[in-house]
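Structure assessment
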Amino acid sequence: MKTCGFKYHRPESVAAAVALLGALAPQGGRILAGGQSLVPMMAYRMAQPGHLIDINRVAGLAGVSAGAGVLRIGAAARHAALARPVCGGALGAMLPHIAGHIGHAPIRNRGTFGGSLANADPASEWCTLLATLDGGVEVLGPAGERRIAAAAFFNGVMATALRDDELLMAAHLPVLQGYNWGFYEVNRRAGDYAMAMCLVAYRRVDGVMTDVHLGIGGAEAFPRRLAEAEFALNGQPVGAEIFARAADAAAAGLDPMTDHNMSADFRRHLVRTAVARALAGSVA
Amino acid sequence: MKRWTGRPITRFEDNMLLRGAGRFTADLPSPKYMRFVRSPIAAGKIESCVAPEGVVMITAADLEGVGAIAPMIRKFGYVPIEQTVLARDVVRYTGEPVAAVIADSEEEAEDFADSVMLDFRPGDAVVTAAESLLARAPFIHPGMDSNVVVRTAMTTPGHQAAMAGAAHLVRAKIRSRRQSALPMETRAGHAAFDVETGRTTLTCTAQMPHLVRTAIAGLLGMDEADLRVIAPDVGGGFGQKMSLAAEYVVLVWAARKLRTTIAWVEDRRENLMASFHSRDIEIAVTGAFDADGRFLALSGDVTANVGAYAPYPNTAAVEPLMSFTELPGPYDVKEYSCAARGVITNTCVSAPYRGVARPAITLAMERLMDKAAVVIGLEPAEIRRRNLVQKFPHTTPAGLVYDDASYTETMAAALRAADVPGFRARQRDALAAGRYLGLGMSTFCERTGYGSAAFAARGMDIQPGWENVDMRMDASGKVTARIGASPHGQGLRTTLAQIIADTLGITPAEVTVIHGDTDDTPYGWGTFASRSLVISGGASLIAARKIRAKLIDDAAEMLEAAAADIELGDGFARVAGTDRAVAIAAIAGAKNGFADEGFYDPLGTFSNATHIAIVEVDVGTCKVKVEKFVVAEDAGRLINPMIVDGQIHGGVAQGIANALLEEIVYDETGNILTISLADFLAPTAHEIPPIEVLHRETISAATITGAKGIGEGGTIGAPAAVLNAINDALRPLGVEIDEMPATPARIFAALQAAR
Amino acid sequence: MILDVNGHAYEVEVEPRRTLADALRKDCGLTGTHVGCEHGVCGACTVIVDGEAIRGCLMFAVQAEGAKIRTVEGLAGETLHVMQQEFERHHGLQCGFCTPGFLLLAEAALEQAPELNDAQLLDVLAANLCRCTGYQNIIKAVSAAARRMKEG
């Protein structure tokens, strides 16, 4: 399972990378970041890029910095870099927890945050995070820089609003100071892609949940917030019954992905479980 | 006097392997690489196969005079179907080799293979056994009037009456889904033609190098003496590497034709798609029991989906026939009726994988016993206690003879270790808290170390079974033993050295075991079917005893004593009770060494074990976690307990995988869906719990070393123990699961069905 | 291009598409790193690059230019490395094919975090596949090595 031949480029600056991408994208040129998703696809010859633009030595693409309640994660930041706390708030606590679910250490040593977003696997933990917290991405192309909100970024199975000639530069996520959060992932084996996962975060004000963010991943074509489930929680006190209602609402509101191993009913069942357990975890 | 057998000495194999200095087939450099162009469809006719200008390609048309792989058994209505080493006109499974290209590197070979243009006329693919048995199904091989390649049946005279007179009739129907042995090293071959001698050396990942040599020489119409086969370090086999790969035949043909060296390295996608599959079996059993739970009669019906062709040497009959012969297992049931058939489909060839059909038949019998226990109102252990064979030798209805063993004693040991009453209390508390814990057991006996008589009884044209060992002690007292078995992780270099050292009174470090190179070793049958320690060990013992006798005679002469008074040990021959001694090395020096050989062809010996699994089923995720696993086993004398435990651990892990995770899946057009390790799920360290192993050593006269085979026991008993545990856990919900792997999707479906 | 492997400089000429695992095996002649799946799941190809365990089949050799690469061949001196000794003592290998990958996986993890407890070690070891041992003795070996390495 050797990859097809390709021309290899290794720019050292963002400007050089963007210029290369602009010139080569029309010829099938692609960004090589961590390679943990791209190279297996190339090994199966499902991807046959004529050019690879290796951004692992591009200066300034991997920085992680917090300010004004927002965390900026450079696209080339490795999963492993997020396995230790990089900021405060609920985000600071959930990042290492979620990172631990991504593959295994050797994958986390190379795989990048931006690579996961651009690849947009339906079962990507970081995509679920971005969608649930309503984060956004910064992209840079020949036409200049633009920002894309999470809700506009994911639009299909492994499909995003990122144009072929755009380089994903960074992601932005709210720090969520004082929020409760919970995360639960169902998979066949530890480190596998999720069959269903749920991330939830909310503020408790005067004994009730407010500003609930509840997102599911691994169950539909791309991760998203589930309004039905959030509606069942906003303004309510925490408790098993409320949580169960939200889990049911999530399962009912789902547009499930199915395959020979996964019926619609089973996917809904798993989503119900993931939501219930993420919520239980938010008060543990 | 220091004795070596029974001690967990570390292995001689390890130093090189740990340093990364192992010599695996793909490690050999080669100027040329071969890659196979494989059929993308499951059934159809090849219209054309065209390579671009400059690409060296071989198709069936080039292989004039090359024979077809057609192993034979002359019993049970077996139809000798043929497989041409490259598909000729017709393809019969997705991944079947159609052509081979040759290039200067693996990367280039893959580019060339992808550039070959294949045109097909697709036909109707028959994928499941059920489809292939339909009257309207296309017949996959010419000259057959059905897709049934082998069938057999038997009924003992008293069977019908016993069934009719039973107090209880209990049924079980199990489904074993298709497996792949998944050795970590894929198959590979390296064929080097020597222009000076005209000989070809094939280094390859084989479990039976001599048989590979015989087979390839036969198919190519060449002198066997002109072919040397070397099985170097082999990265796991588990049976997948004991059947002849058609690819090796093409490789050797090409190396000879082009008078050069060519290598073939299978990639993992090819390995999943086109290397032998196994265990696609359905078994239905009915047990007739009296009011006390005594097992009076057994009926069985076995259908094995054996794929598109027949594996060499075992033929396509091996799984259904083994099921038929061994179904009753360790139970003393006198009346037996069974019908078994193997059916051809447009899927990859099925060949033995560690345990072969036994994991499936054990699942059938152990599910039956658990269901019977519920119906009759007995504990699972009690119904087994009332029916396990206790008197030996025991002859089964199919004519197998069980030698001395300890079925009830090992079961008792396993139950004690699992603390069943303690578990039941924990299970009750957990249920009250909404959690589902379960305990399941399986008891089985395993046919091991069987020689040529067993293969002859199957009617096989090729009758493996015996082993030779050529042994030499040189003038310095060091011993070499050349064996025909071919280990690939079993530690035979160490265990045989232990046996030989004890017999000759020297240390294992002074014994070198040589295997794998057909130029350097006596003809042998390789390593499979839990045979090597029993048979090569037996032959080693016989050879060593002959040399021992010579050493003793010479020592007696040198020491002016009676031979009966000579002891060998710690490097010396000593007159018992005195300090008169002579160094064994000195005797060897005086006589310029010794040489002798041992030949052993035993009938076979049955080891036995009980497995107990404790699981938790999470009904929210439908996942099963195996919390603990207990094995109580009796494999006779343990030569090296550490190596025995290692074999059991590995087998149990594969058994747990069979029960919960691993499955090769085809869609309805015969397209294989599981072509990556993200689809075909092997267990990691997280999926395998701590495994407690208890040993018992029943010494049987059926094996000259006292050792029975243990290589396959783990895979045979573990799936049934896990499935029984799942059923035990979910009984409060009225769920029964009789299919493996018991995936979360299947458990969910069973939960839905029970509601 | 120079590949710095186990402290030696190997001069190699490779296509960009040649993986690090293949370059080590074919161009540096270091066949101790094994290839088991070529899609990043089995971990048989695990090597250490700049102190971190990575999958050699998912990195192209050209990407490793300038990095410090360690393979299994670099573990032992005249005597086996502690990790190798414990694998031998505890029968942590049978066919030996997955072994180099496990040795380097465990070694890198313990070099970065010598304090790993048994539960954390299990997480580390779940990254690689073994087909022979059922993992029991690999876990024992790595635990023992961790204890010895901590004691210094």
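Look a little higher up for the structure.
A short tour of the structure in this document, coming up.

Tracing the backbone shows A:G239 in the loop between helix 8 (227–233) and helix 9 (240–252). Residues A:G239 and A:H51, spaced 188 residues apart in sequence, show a C-alpha to C-alpha distance of 54 Å.

Turning next to the packing of helix 3 (residues 89–99) of chain A against helix 6 (residues 125–132) of chain A. All names here are of chain A. One can describe the packing of helix 3 onto helix 6 by two numbers: an axis separation of 10 Å at closest approach and a directional angle of 155°. Put simply, helix 3 runs roughly antiparallel to helix 6. Relative to helix 6, helix 3 is oriented so that their crossing is right-handed. Across the interface between the two elements, L91, M94, L95, I98 and A99 from helix 3 touch E125, W126 and L129 from helix 6. Considering only residue class, the contact of helix 3 with helix 6 consists of seven nonpolar, no polar and one charged.

So, on to the pairing of strand 4 (residues 64–67) of chain A. Residue and element names in this part refer to chain A. In the sheet, strand 4 pairs with strand 5 (residues 70–74) via four bridges, with the strands oriented antiparallel. The residue of strand 5 that forms the bridge with G67 is V70. Where strand 4 folds back onto strand 5 in an antiparallel hairpin, the turn is made up of two residues, including A68, whose phi is positive at roughly 55°.

Another point: the packing of helix 17 (residues 641–660) of chain B against helix 18 (residues 713–730) of chain B. Residue and element names in this part refer to chain B. Packing of helix 17 against helix 18 brings their axes to within 7 Å, and their N-to-C directions diverge by 45°. In terms of axis orientation, helix 17 runs oblique to helix 18. Helix 18 is crossed by helix 17, and the crossing has right-handed handedness. Residues I648, G651, V652, Q654, G655, I656, N658, A659 and L660 of helix 17 pack against G714, T715, A718, P719, V722, L723 and I726 of helix 18. Residues that form the contact of helix 17 with helix 18 fall into these classes: 10 nonpolar, six polar and no charged.

Residue and element names in this part refer to chain A. In this fold, T128 is placed in helix 6. Given a relative accessible area of 1%, T128 falls into the buried group. Those residues in contact with T128 that lie beyond four places of it in its chain are M197, G215, I216, G217 and P223.

So, about the sheet that holds strand 4 of chain A. In any sheet, the strands associate via hydrogen bonds between backbone groups, in a parallel or an antiparallel arrangement. Residues and elements named next belong to chain A. Pairing is antiparallel in the open sheet, where five strands are placed in the order 4-5-10-6-7. Of all the strands in the sheet, just strand 4 and strand 7 (144–149) have a single pairing partner and so form its edges. The average angle at which neighbouring strand axes cross in this sheet is 20°, direction not considered. Inspection of the sheet shows strand 6 (residues 136–141) paired to strand 7 by six bridges, in the antiparallel sense. From the neighbouring strand, V137 faces strand 7, where its bridge partner is I148. Against the sheet, helix 6 contacts strand 6 and strand 10 (167–174), and its axis sits at roughly 55° relative to strand 10.

Attention shifts here to the interface of chain A and chain B. When the parts of a complex come together, some accessible area is lost, and that lost area is often used as the size of the interface. At the junction of the two partners, chain A supplies 21 residues and chain B supplies 32 residues. Between chain A and chain B lies a buried interface of about 2200 Å² when both sides are counted; carbon and sulfur atoms form 56% of it. Among the residues of chain A in contact with chain B, A:Y44, A:R188 and A:R189 are the three that bury the most area, contributing 33% of the side total. On inspection of chain A and its partner chain B, the count reaches five salt bridges. A:R45 serves as the salt-bridge partner of B:E110, at 3.6 Å between the closest nitrogen and oxygen. Where chain A meets chain B, there are 13 residue pairs in polar contact (both at pLDDT 80 or more). Listed by contribution, the elements that provide at least two residues to the side of chain A that touches chain B are strand 11 (180–186) and helix 10 (264–283) of chain A. Sorting elements by how many residues they give to the side of chain A that touches chain B places helix 10 of chain A first, with six residues. Split by residue class, the side of chain A that touches chain B holds nine nonpolar, five polar and seven charged.

Before going further, it helps to examine the sheet that holds strand 4 (residues 90–91) of chain B. Strand order in this open sheet of three strands is 4-2-6 (chain B), and the pairing throughout is antiparallel. Lying at the two open borders of the sheet, with one neighbouring strand each, are strand 4 and strand 6 (117–122) of chain B.

Here we come to the interface of chain B and chain C. Listed by partner, the interface residues are 54 residues for chain B and 49 residues for chain C. Of the roughly 4100 Å² buried between chain B and chain C, counting both surfaces, carbon and sulfur atoms make up 56%. Among the residues chain B hides against chain C, the three largest losses belong to B:L18, B:R19 and B:M184. Together they make up 20% of the total. Summed over the shared surface of chain B and chain C, the number is five salt bridges. Across the pair C:R131 and B:E662 runs a salt bridge, and its minimum N-O distance is 2.8 Å. Summed over the shared surface of chain B and chain C, the number is 21 residue pairs in polar contact (both at pLDDT 80 or more).

A negative phi angle is the norm for most residues apart from glycine, just as the trans form is the norm for most peptide bonds. All names here are of chain B. Cis geometry is adopted by the peptide bond preceding P313, which originates at Y312 and carries an omega value of 5°. Along the chain, M740 connects to P741 via a cis peptide bond; the corresponding omega equals 5°. Residue position: P741 is located in the loop between strand 31 (739–740) and helix 19 (744–754). A positive phi angle, near 65°, is found at R279, a position not held by glycine. On the basis of relative accessibility, which here comes to 0%, the residue R279 falls in the buried class. Even without being a glycine, V356 presents a positive backbone phi close to 55°. Structurally, V356 can be placed in the loop between strand 17 (335–344) and helix 9 (358–376). Judged by relative accessible area, V356 falls into the buried class, the value being 7%.

Before going further, it helps to spend a moment on helix 9 of chain B. Note: α-helices contain 3.6 residues per turn, so residues at a spacing of three or four share the same orientation. Residue and element names in this part refer to chain B. With 19 residues, helix 9 ought to run about 27 Å at 1.5 Å a step, and its terminal C-alpha atoms sit 26 Å apart, in line with that. With 17 of 19 residues buried, helix 9 lies mostly within the body of the structure. G377, located one to two residues past helix 9, shows a positive phi value of around 80°.

What follows is about empty space enclosed by the protein. Summed over all chains, the structure comprises nine cavities of 30 Å³ or more. One number sums up the size of the largest cavity: a volume of about 570 Å³. Around the largest cavity, the lining is made up of 45 residues, and of these B:Q490, B:T527, B:S530, B:Q647 and B:G711 lie nearest the centre. Secondary-structure elements contributing two or more residues to the lining of the largest cavity are helix 8 (318–326), helix 14 (492–504), helix 15 (532–559) and helix 17 of chain B. It is helix 17 of chain B that provides the largest number of residues to the lining of the largest cavity, a total of three residues. Across the lining of the largest cavity, the residue classes break down as 21 nonpolar, 18 polar and six charged. Quantified by volume, the second largest cavity comes out at close to 320 Å³. Surrounding the second largest cavity, 29 residues form its lining, B:A26, B:E106, B:V265, B:E266 and C:V35 being those nearest its centre. When residues of the lining of the second largest cavity are traced back to their parent elements, those giving at least two are strand 1 (32–38), helix 2 (106–115) and strand 13 (261–265) of chain B together with helix 1 (20–27) of chain C. Classifying every residue of the lining of the second largest cavity gives 12 nonpolar, three polar and 14 charged.

Here the focus is the environment of C:Q85. Residue and element names in this part refer to chain C. Looking at where Q85 falls in the secondary structure, it is placed in helix 2 (residues 82–89). In the structure, Q85 is positioned 59 residues away from A144 in sequence and 9.8 Å away in space, judged by C-alpha atoms. Beyond its immediate stretch of four places on either side in the chain, Q85 contacts L80 and R148. A distance of 2.7 Å separates a polar atom in the side chain of Q85 from the backbone oxygen of L80.

A few words on the packing of aromatic side chains. Residue and element names in this part refer to chain B. For the structure shown, the criterion picks out 20 aromatic pairs over all chains. With centroids separated by 5.3 Å and ring planes inclined at 85°, the aromatic side chains of F392 and Y407 adopt a geometry described as edge-to-face. With a gap of 15 residues between them, F392 in the loop between helix 10 (380–385) and strand 18 (394–395) and Y407 in helix 11 (residues 407–418) connect regions that are remote in the sequence. Between W466 and Y523 the ring centres are 6.4 Å apart and the planes differ by 45°, which places this aromatic pair in the tilted class. Of the two residues, W466 is situated in the loop between helix 13 (452–457) and strand 21 (467–473) and Y523 in the loop between strand 23 (511–514) and helix 15; the sequence distance between them amounts to 57 residues. Assessed through its relative accessible area of 22%, Y523 is described here as partly exposed. Members of the aromatic cluster, each reached through a chain of ring pairs, are F392, Y402, Y407 and F606. Between R447 and the ring centre of Y450, over which it is positioned, the NZ or CZ distance is 4.8 Å.

Rules behind the numbers
Residues numbered from 1 in each chain as written. Chains lettered and ligands numbered in written order. Predicted model: local features only at pLDDT ≥ 70, side-chain atom pairs only at ≥ 80, totals over all residues. Heavy atoms only, no water. Helix = DSSP H or I, 4+ residues; strand = E, 2+ residues; numbered from the N terminus. Axes fitted to C-alpha atoms, helices over the stretch in contact; angles between N-to-C directions. Parallel < 35°, antiparallel > 145°, perpendicular 65-115°, else oblique. Left-handed = near helix turned anticlockwise from the far one by under 90°. Contact = heavy atoms within 4.5 Å. Nonpolar A, V, L, I, M, F, W, Y, C, P; charged D, E, K, R; others polar. Pairing = 2+ DSSP bridges. Buried < 20%, exposed > 50% of the residue type's maximum accessible area, 1.4 Å probe, protein only. Buried area = accessible area lost by both parts, 1.4 Å probe. Salt bridge = Lys/Arg side-chain N within 4 Å of Asp/Glu carboxyl O. Polar contact = N/O pair within 3.5 Å; in protein donor to acceptor, adjacent residues only side chain to side chain. Expected span 1.5 Å × (residues − 1). 1 Å grid on protein atoms, 1.4 Å probe; cavity = no way out; pocket = protein on both sides within 12 Å on 5 of 7 lines; lining within 4 Å. Points joined across faces, edges and corners; volume = space filled by probe spheres on them. Phe/Tyr/Trp six-rings, centres within 6.5 Å; stacked < 30°, edge-to-face > 60°. Lys NZ or Arg CZ within 6 Å of the ring centre and 35° of its normal.

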